[in-house]
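Descriptive structure summary
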Amino acid sequence: MVQLLTPMCKHGVGKDERVTKPFLVSGRCRVIAEVGQSHDGSLGTAHAFLDAIADAGADAVKFQTHIADAESRPDEPWRVKFSPQDASRFEYWKRMEFTAEQWRGLKAHADERGLFFLSSPFSEEAVDLLTDVGVAAWKIASGQITDLWMLERLAKTGWPVLFSTGMSPLPEIDAAVGWAKAKGLSVAVMQCTSAYPSSLDAVGLNVMRELQERLGVPVGLSDHSGTIYPSLAAAALGAQLLEVHVTFSRRSFGPDVPASVTFEELKMLVEGVRATETMLANPVDKDAVARDMAEMRSLFMKSIVPRTDLAAGTVLRVEDLTTKKPARGVSAQRMDEVVGRKLSRAVGAGDYLQEEDIED
């Protein structure tokens, strides 16, 4: 099992010092709540998301760190024109920016609430900013998986890398994971479908196993269905990472709201994942369970009894017999074996047929 270790960078600690704790460990599925751009440029809202995510029991919060001048051109087209206040997508990215001090405040808040702090960088400058702030791991959006200059920059930290694969073909994923391994980085891969929302028939749960067998790394699911069902199914299949977008309300503003779950749903998801972990960690021996339940079995299983009084020497017929609870005589499952044999003694109606009552 590959272990990802989380760098918990603290200000006031030497730059090269790191306190680490496990982020990805065997038998533990990390639930990541993605804020993305749902804060809509409001720092207060971003902090409110942190508290709601912690209250729901998730393991980690994830943002996106956009620096418009570093990552985009002013003529970048809209994927979908959703914002009535931004004349261009570039202006939207500008409005989404936080300062380094504000990012440090969000990281400190996450630490206080016991959350792993993640934010996807979209430029080399964003990598530098987040290196200073400190992240649990580098979560790389699929659109950045080929940005080798940016990847080379973040590799210098030695921190774990989580690749999302929503728009990536397998050879591209192979190359990215091969690059990370060559750098000596811990790496995990997340199946993703880049549709907002994604239909359930496009989630691709099967891809997780394919990626794990192909790459030999931990795998997970970054889901955009706007429901908790794919994540629960992924946890049952052994996913070690789950990521869902979150929203305060389905009436909230923003392009990711249709692909998000509410905090009530997030709490249900976390509870379901923990229950799934318990079940997966405790395989059951059916025979042992049956032995342990011998007393209960005797109450619910049935034995063979005569319908009427039968004399010794009677050749037993189907119509002479029935089955009743509790199980205190010859088992009901032996009915075919008993029919056609003789009684060695008289048996009253409703009495339990015993082994010694039947002649060989």
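A short tour of the structure in this document, coming up. (Residues numbered from 1 in each chain as written. Predicted model: local features only at pLDDT ≥ 70, side-chain atom pairs only at ≥ 80, totals over all residues. Heavy atoms only, no water.)

A short note on the nonpolar core
If you look at the biggest cluster of nonpolar residues, it comprises 64 residues, and the most contacted ones within it are Phe 163 and Leu 266. Apart from the residues within four sequence positions on either side, Phe 163 is in contact with Ile 140, Ile 145, Leu 151, Ala 176, Val 177, Trp 179, Ala 180, Val 187, Ala 188, Val 189 and Met 190. Ranked by size, the runner-up nonpolar core spans twelve residues in total, among them Phe 23, Phe 116, Ala 136 and Leu 241. (Core = buried A, V, L, I, M, F, W, Y, C linked by side-chain atoms within 4.5 Å. Buried < 20%, exposed > 50% of the residue type's maximum accessible area, 1.4 Å probe, protein only. Contact = heavy atoms within 4.5 Å.)

Focus: helix α7 (residues 170–182)
Helix length check: α7, at 13 residues, gives a terminal C-alpha distance of 18 Å against a target of 18 Å (1.5 Å per residue), a fit within 8%. All buried positions along α7 are accounted for by Ile 173, Ala 176, Val 177, Trp 179 and Ala 180. Along the axis of α7, the buried residues cluster in a sector spanning 155 degrees; they form a single face. α7 presents Pro 171 and Ala 182 as exposed residues on the side facing more than 90 degrees away from its buried surface. (Helix = DSSP H or I, 4+ residues; strand = E, 2+ residues; numbered from the N terminus. Expected span 1.5 Å × (residues − 1). Arc of directions from axis to C-beta.)

Some thoughts on the pattern of salt bridges
This structure, assessed with the given rule, holds 25 salt bridges. Here Arg 274 makes a salt bridge to Asp 59, at a shortest N to O gap of 2.6 Å. Note that Arg 274 is positioned in helix α10 (residues 263–280) and Asp 59 in the loop between α1 (43–56) and β4 (60–65), a separation of 215 residues in sequence. No difference in accessibility class separates Arg 274 from Asp 59, as the two residues are buried. Among the ionic pairs, Glu 124 bridges to Arg 153, the shortest N-O distance being 2.9 Å. Of the two residues, Glu 124 is situated in helix α5 (residues 124–133) and Arg 153 in helix α6 (residues 148–155); the sequence distance between them amounts to 29 residues. Judged by its relative accessible area of 32%, Arg 153 is partly exposed. What emerges from the salt-bridge pattern is a single network uniting Arg 28, Arg 30, Asp 59, Arg 274 and Glu 277. (Salt bridge = Lys/Arg side-chain N within 4 Å of Asp/Glu carboxyl O.)

Observations concerning the layout of surface pockets
What the largest pocket holds in volume is close to 690 Å³. What lines the largest pocket is a set of 30 residues, among which Gln 64, Arg 89, Phe 122, Ala 141 and Tyr 196 lie closest to the centre. Mapped by element, the contributors of at least two residues to the lining of the largest pocket are β4, α3 (89–96) and β10 (241–247). Counting residues per element, the lining of the largest pocket draws most heavily on α3, at three residues. Grouping the amino acids of the lining of the largest pocket by side-chain chemistry returns nine nonpolar, twelve polar and nine charged. (1 Å grid on protein atoms, 1.4 Å probe; cavity = no way out; pocket = protein on both sides within 12 Å on 5 of 7 lines; lining within 4 Å. Points joined across faces, edges and corners; volume = space filled by probe spheres on them. Nonpolar A, V, L, I, M, F, W, Y, C, P; charged D, E, K, R; others polar.)

Side note on the packing of helix α9 (residues 229–236) against α10
Where α9 contacts α10, the two axes come as close as 9 Å, and the packing angle between them is 15 degrees. The pairing of α9 with α10 is recorded here as roughly parallel in orientation. The two elements α9 and α10 cross, and the hand of that crossing is right-handed. Of the residues in α10, those touching α9 at Ser 231, Leu 232, Ala 235 and Ala 236 are Leu 269, Gly 272, Val 273, Thr 276 and Leu 280. Here the residues of the contact of α9 with α10 sort into six nonpolar, three polar and no charged. (Axes fitted to C-alpha atoms, helices over the stretch in contact; angles between N-to-C directions. Parallel < 35°, antiparallel > 145°, perpendicular 65-115°, else oblique. Left-handed = near helix turned anticlockwise from the far one by under 90°.)

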